[in-house]
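Results of the structural survey
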Amino acid sequence: MASPTLQVAVTDQVALVKISGRASFNCSVDFKTLVYELRERGYRKFVLDLTECLIMDSTFLGVLAGFGLKLAEASGEKATVTLLNPNQRILDLLDNLGVAHLFCAIQGTNPLSDRCKAVQPADAVPNKFATTRPCLKSHETFIAIISANVPRFKDVTRFLAEDLKRLAAQRS
């Protein structure tokens, strides 16, 4: 199975990120770094081209939801992130986790497909500590957004928090 890839294209107003493959914890750190860096540069409208994105795991979804929530809080608007061509499985996951309202889903063609440039991953092989922290944060985000997610994620957040403590102790 090919690794997920991220590509980016920008105009004066919009930042477009194309996600191909399985959007998982493996690329969630690079995705978060990219979108927050674009936000720091002044971009406020984001389009995520999901035409070639097969599925998103809960860590990636949590990073995406956290970003959507941060943009909505900053702008006072709902759905400042547009999902281009999400498949039904992704839409169902967003709905089941109670975060679909943070996004606007549309179908169509990518107007910037000819401008997309590959994003180079920060680490070829991220260490466990670097992936566990955002994984924990993602699951905590789902719980913070909607309390109905507590039963779904309380065990995984407890496990990840314990794992993170253990990894931190090993590093010192």
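Here we summarise the structure given alongside this text.

Turning our attention to the layout of surface pockets. Of the volumes computed, that of the second largest pocket is approximately 270 Å³. Lining the second largest pocket are 15 residues, with Tyr 36, Gly 66, Lys 70, Lys 137 and Thr 141 sitting closest to its centre. Those elements giving two or more residues to the lining of the second largest pocket turn out to be helix H1 (25-40), helix H2 (58-75) and helix H4 (128-145). Ranked by residue count, the leading element in the lining of the second largest pocket is H2, at seven residues.

So, about the nonpolar core. In this structure, Val 17, Ile 19, Phe 31, Phe 46 and Met 56 are the most contacted members of the largest nonpolar core, which totals 34 residues. For this core, the secondary-structure elements that each account for two or more residues are strand E1 (5-10), strand E2 (14-23), H1, strand E3 (45-49), strand E4 (53-56), H2, strand E5 (81-84) and helix H3 (88-96). Looking at this core element by element, the count peaks at seven residues for H2. Sequence-distant contacts of Val 17, defined by excluding residues within four places in its chain, comprise Leu 6, Gln 7, Val 8, Phe 31, Leu 34, Val 35, Leu 38, Val 47, Leu 48 and Asp 49.

On to the packing of aromatic side chains, then. With the rule as written, the count across this model stands at three aromatic pairs. Relative to Phe 67, the ring of Tyr 36 has its centre 5.1 Å away and its plane inclined at 70 degrees; by these criteria the two rings are edge-to-face. Of this pair, Tyr 36 sits in helix H1 while Phe 67 is found in helix H2, placing the two residues 31 residues apart along the sequence. The interplanar angle of 90 degrees and the centroid separation of 4.9 Å between the aromatic rings of Phe 46 and Phe 67 together place this pair among those described as edge-to-face.

Side chains carrying opposite charge are able to pair once their charged atoms draw close together. For the structure on display, the rule yields four salt bridges. In this structure, Arg 158 and Asp 155 form a salt bridge, with 3.2 Å as the shortest nitrogen-oxygen distance. Here Arg 158 and its partner Asp 155 are both found in helix H5 (residues 150-171), three residues apart, which amounts to about one turn of the helix. Classification of Asp 155 by relative accessible area gives partly exposed; the value is 45%.

What follows concerns H1. Two residues of an α-helix separated by three or four positions point the same way, owing to the 3.6 residues in each turn. Spanning 16 residues, H1 covers 23 Å between terminal C-alpha atoms, matching the ideal 22 Å at 1.5 Å per step. Those residues of H1 that fall on the buried side of the exposure criterion are Cys 27, Ser 28, Asp 30, Phe 31, Leu 34, Val 35, Leu 38 and Arg 39. Looking one or two residues past H1, Gly 42 carries a phi angle of roughly 110 degrees, positive in sign.

Quick look at the packing of H4 against H5 now. Running from N to C, H4 and H5 point in directions that differ by 150 degrees, and their axes come no closer than 9 Å. Taken together, the axes of H4 and H5 lie roughly antiparallel to each other. When the axes of H4 and H5 are compared, the crossing they make is left-handed. For the contact of H4 with H5, the residue count by class is 13 nonpolar, three polar and seven charged.

A separate point is the side chain of Thr 157. Along the chain, Thr 157 turns up in helix H5. There is a polar contact of 2.9 Å between the side chain of Thr 157 and the backbone oxygen of Lys 154. Beyond its immediate sequence surroundings of up to four residues, Thr 157 is in contact with Leu 136, His 139, Glu 140 and Ile 143.

The rules we used
Residues numbered from 1 in each chain as written. Predicted model: local features only at pLDDT ≥ 70, side-chain atom pairs only at ≥ 80, totals over all residues. Heavy atoms only, no water. 1 Å grid on protein atoms, 1.4 Å probe; cavity = no way out; pocket = protein on both sides within 12 Å on 5 of 7 lines; lining within 4 Å. Points joined across faces, edges and corners; volume = space filled by probe spheres on them. Helix = DSSP H or I, 4+ residues; strand = E, 2+ residues; numbered from the N terminus. Core = buried A, V, L, I, M, F, W, Y, C linked by side-chain atoms within 4.5 Å. Buried < 20%, exposed > 50% of the residue type's maximum accessible area, 1.4 Å probe, protein only. Contact = heavy atoms within 4.5 Å. Phe/Tyr/Trp six-rings, centres within 6.5 Å; stacked < 30°, edge-to-face > 60°. Salt bridge = Lys/Arg side-chain N within 4 Å of Asp/Glu carboxyl O. Expected span 1.5 Å × (residues − 1). Axes fitted to C-alpha atoms, helices over the stretch in contact; angles between N-to-C directions. Parallel < 35°, antiparallel > 145°, perpendicular 65-115°, else oblique. Left-handed = near helix turned anticlockwise from the far one by under 90°. Nonpolar A, V, L, I, M, F, W, Y, C, P; charged D, E, K, R; others polar. Polar contact = N/O pair within 3.5 Å; in protein donor to acceptor, adjacent residues only side chain to side chain.

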